[in-house]
Amino acid sequence: MSRRQTRGEYIETESGNRISRKAVILGSQHILLGGRSTILPDCVVRGDLHRPSSASASGSAAASVNIGRYNFLEKGVVIRPPFKIYKGSLVYYPQKIGNYVSIGANSIIEAAAIGSYVCIGSNCVVGKFAILKDCVVVLDGTVIPPTTCIPPFSVVAGNPASVVDELPESSAEVFERRARQIHTLHGGALTSTSIEEVKQSVFDDDVDEEFDVA
Amino acid sequence: MMATRYPLLRIHCPCAEPITDGQDNEVEAPTTSGSPDTGLDKTANLELPPTIDNPFALHALNSLYFCDVCLVLRCERCVVEEVVQTYCPACLHVYSADTTAAGNEPSRVTRKGRGDDATFCTRNCLQCPLCFTSLTMFATTASEGSEVPATVYLQCSHCSWDSRHTDRSLIFSKHSSLYQQVRKLSAQRAIDDESETHDTPATSFGALSQFYQRLYESVETEEAESDTSAPPSPMFSKRVSRSLETIRFLKSHYSKQGGPLSTPSPAITPSSVLGVLGRAGGVSNQKTREHAEKEKERCVSYIDEEAEIEKVSRMGGMTSLDETPTLSQQRANPFVRPTRSSDMLPLPTRLRTRRAKRCRACRHILVRPDVSSRKVSTSSSASASVAGSTSTVATAFRINLLSKNYIPTLRLTYLPATSPAQSSSPYQAGFIPHITYSFALTLFNPLYEPIKVTLASPPRTPKHGHSITFLTPSFDIGANIEDDWDLQAVTSLRRKFADLKMSGIANISASSESARTGPNLGILDRGRNWTSVIFEIVPANERSSEVEVPLFVSFAYEAEVEKDFGSGGRSGESADDGLFDKEQREVAFWSVLKIGRVIA
């Protein structure tokens, strides 16, 4: 528990993003982070998988991975842009993730677009070109097939994913508040070990935070 | 099932209770003159609502609405829903939208299409019959020179179901309105499979409506006859009168729907049903009995033996259970009744709705989605699968009266005592009987007016008899000024309570002498729009009983309401006050705090 060791564990950018030094960030010139997002260790963000034309035409301007504000990527999350074969060659398409999105441990995200206020559980697979609209909860272990569209205010679960519940209208506010709290608390307690503890502490003392989905 | 996470707050909605005068008061008291009295009465008597233990009467704060006319909380069950928009969940195309303005008039939804067309997506959104994933459309390019034209087939991206590999190799000639093509196919198949007993939605509906029409008429004539003759057995008459009610309702219902008529299946006729009814009721009617016998014979001959044999032989050739559809797959295909998985057709996609919610008592709108905004969907041009949808659904709301913006939110913090047995948090570790546990209950005021809060709870919990003590039943909370109250307060609180945990509650209350004396007794701390009060629990010696505290919260504030300029010259006199009048308001509700379990 030496302090010097723990201080350097995360890189903090000007806009308040915290990126673990143990995270694998490839092609960082193609990754846009909106600010105050957190990337935990062992995450993989594949910014290097971009459209070949964008590199030659407009240089680093075109982002292949666009991540918004107040997002929280837990351990081992893989973010990789979707690809398909277009006119005989393999083409990667840009990927966009909105604001206040939390992604659980070891989930693989190949979606084309994820809206804001989305909560993805752990060990999920979000297939290529899937679209998650705003206010969506993906329960743990869900497999969302490629090119699926999840409508707003849905709770999805299962393999393949199916809509199992509807979210109340307050979800956007709740998710926003949660994301902000996680960010502030994480900032204070950004030590090496127990991320889970930090996450749990957000909810433990808050009786008003209870938010049932299951 | 996940274990309950403590602590937990549930707010009680009285809508499940039998209607009493209290309920009526709530309904009739939008002018708030009556509500403070009821609140005070409840505090004085502190009568627990009878449904406080019912799980369906307890709601999370986030799923509740607040009617600012009735000044009561509204749960999911005491709101009226009305459809504002229907859209396809797969392509997000909006099928119908409410055209009325934001006013309080009932919504008028313009629907395109009738019947099936109003419930299913009529574009190319089809679902896999095996796994219900939305299917992807592929086109085979017409190779020049060959006689094969360009065709379209469907593939499931999850289970790799392929429309070309089904029983009849589904290949579509054009890539638009696949829904119509599949519907035509399924109707055709139904006729092919069972020439006599075809059971498509349209025909069966027509048969039903015609059947009930005739039943209704024949019953009416019978009724007229029986009036003159001797009264039938009481049992029979009761039954007939009840079924008559049903039939009348159905008739009016069907005549409104106006489904397509076709010949009813020959097995059942109105008179045959009446015959059965009559026999059951003990009325011997020679004519109806004869008729029933005849009908029975026809029922037997109605079974197509050859088709059944063919079905059996087909199933005999199956090698695994996977070749038969599962129950859920069969249920999705009710009119085709496939016996083999490869028989199943792609399914249409059901539309989803966005709904406005109104207070059941005063019809005031609580939630209204904003359908007018043509918000550009978050998906970029990369999403080829949804490209081309002209109007997509937005998630914004025009009106959203959420309860957490109108009632104080509660936060519970454990204050550990100095004794080592209580050092760990009792939420997970559990409570030890006969030891006093102290908690800080922090109330945040989301309103822009200062409020006066009164807390009340029974001295002992009704179920298990844990004793509860609130040191400060009544206190004030300042107004909420800034929007980010939440976070600042929470962080400062958290720091404070972290200190508390270090030093123990005894030291703190000793140091802040004001908490012990004077009007601030029991108030741990207060901020701009929050106040923390101490309450104590002594758990009873009842093994593994849940520690839950019924808590009555009532708060009063002076609200500024817009003056009614319509009512004469009152406005001129009080010009200095501006446009607003002061009005005393009081809101009260029951809640249940679930804190943990007793360990023995």
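Each value, and the rule that gives it
Residues numbered from 1 in each chain as written. Chains lettered and ligands numbered in written order. Predicted model: local features only at pLDDT ≥ 70, side-chain atom pairs only at ≥ 80, totals over all residues. Helix = DSSP H or I, 4+ residues; strand = E, 2+ residues; numbered from the N terminus. Contact = placed C-beta atoms within 7 Å. Expected span 1.5 Å × (residues − 1). Buried ≥ 20, exposed ≤ 12 C-beta atoms within 10 Å, placed from the backbone. Pairing = 2+ DSSP bridges. pLDDT = per-residue confidence, 0-100.

Secondary structure assignment for chain B yields 13 helices and 23 strands. Summarising the internal contacts of chain B: among those between residues at least 6 apart in sequence, 73% fall at separations of at least 24.

Turning our attention to helix H8 (residues 305-316) of chain B. With 12 residues, H8 of chain B extends 17 Å between its outermost C-alpha atoms, agreeing within 8% with the 16 Å of an ideal straight helix rising 1.5 Å per residue. Of all 12 residues in H8 of chain B, 0 are buried, a share of ten percent or less.

Residues and elements named next belong to chain A. On the basis of which strands lie adjacent, the open sheet formed by 9 strands has the order S1-S2-S5-S8-S13-S16-S19-S22-S23 and mixed pairing. In this open sheet, the two strands that pair with only one neighbour each are strand S1 (10-12) and strand S23 (162-166). As paired elements, strand S19 (residues 136-138) and strand S22 (residues 154-157) share 3 bridges and run parallel to each other. In the sheet register, Val137 faces S22, and the bridge partner there is Val155.

Attention now goes to the confidence of the model for chain A. All names here are of chain A. In the predicted model, chain A carries a mean pLDDT of 81, and 78% of its residues have values of at least 70. For residues 1-5, every residue scores under 50 in pLDDT, and the model assigns this stretch 0 contacts once sequence neighbours within four places are set aside. Taken together, the stretch residues 54-60 has pLDDT below 50 and engages in 4 contacts with residues farther than four places along the chain or on a different chain.

The next point concerns the environment of Pro129 of chain B. Residue and element names in this part refer to chain B. Mapping Pro129 onto the fold places it in the loop between strand S8 (126-127) and strand S9 (135-140). On the basis of neighbour count, Pro129 is assigned to the buried category, with 25 C-beta atoms found within 10 Å. It is 9.8 Å that separates the C-alpha atoms of Pro129 and Ser328, two residues lying 199 residues apart in sequence. Apart from the residues lying within four places of it in its own chain, the contact partners of Pro129 are Gln329, Ala332, Asn333, Met344, Leu345, Pro346 and Leu347.

Residues and elements named next belong to chain A. As summarised here, the arrangement of the 6 strands in space is S3-S6-S9-S14-S17-S20, forming an open sheet in which the pairing is parallel. This sheet does not close on itself; its edge strands, each paired only once, are strand S3 (24-26) and strand S20 (143-144). Pairing geometry for strand S9 (residues 78-79) and strand S14 (residues 108-109), over 2 bridges, is parallel. If you follow Val78 over to S14, its bridge partner there is Ile108.

This part takes up unusual backbone geometry. All names here are of chain A. A cis amide bond, omega 0°, links Asn159 with the succeeding residue Pro160. Among the structural elements, Pro160 can be located in the loop between S22 and S23. Residues other than glycine seldom take positive phi values, yet Tyr100 does so here, at roughly 55°. Position of Tyr100 among the secondary structure elements: in the loop between strand S12 (95-97) and strand S13 (102-103). Overall, the presence of 27 C-beta atoms within 10 Å leaves Tyr100 in the buried class. Its identity as a non-glycine residue notwithstanding, Phe129 has a phi of 60°, on the positive side. Looking at the element boundaries, Phe129 is found in the loop between strand S17 (125-126) and strand S18 (131-132).

Residue and element names in this part refer to chain B. For chain B, the average pLDDT comes to 71, and 60% of its residues sit at 70 or higher. Here residues 504-516 is a poorly scored stretch, pLDDT under 50, and it has 21 contacts once near neighbours within four places are set aside; other chains count. At the level of chain-chain contacts, confidence expressed as ipTM amounts to 0.83, with global pTM at 0.73.

Regular strands place side chains that alternate from one sheet face to the opposite one. Residues and elements named next belong to chain B. Burial analysis of strand S1 (residues 8-12) places 5 of its 5 residues in the buried class, the great majority of the element. Of the two faces of S1, both are covered, the one formed by Leu8, Arg10 and His12 as well as the one formed by Leu9 and Ile11. As defined by bridge partners, S1 adjoins strand S2 (residues 58-59) across 2 bridges and the pair is classed as antiparallel. What sits directly across from His12, in S2, is Leu58.

What follows covers the environment of Val24 of chain A. All names here are of chain A. In this structure, Val24 sits in strand S3. Its 13 C-beta neighbours within 10 Å are what place Val24 among the partly exposed residues. With 101 residues separating them along the chain, Val24 and Val125 place their C-alpha atoms 19 Å apart. For Val24, the contacting residues outside a window of four places in its chain are Cys43 and Val44.

The next subject is the environment of Phe138 of chain B. Residues and elements named next belong to chain B. Counting through the fold element by element, Phe138 comes out in strand S9. Since 14 C-beta atoms lie within 10 Å of it, Phe138 is described here as partly exposed. Between the alpha carbons of Phe138 and Thr151 there is a distance of 8.5 Å; along the sequence they are 13 residues apart. Leave out the neighbours within four places in its chain, and Phe138 touches Tyr153 and Gln155.

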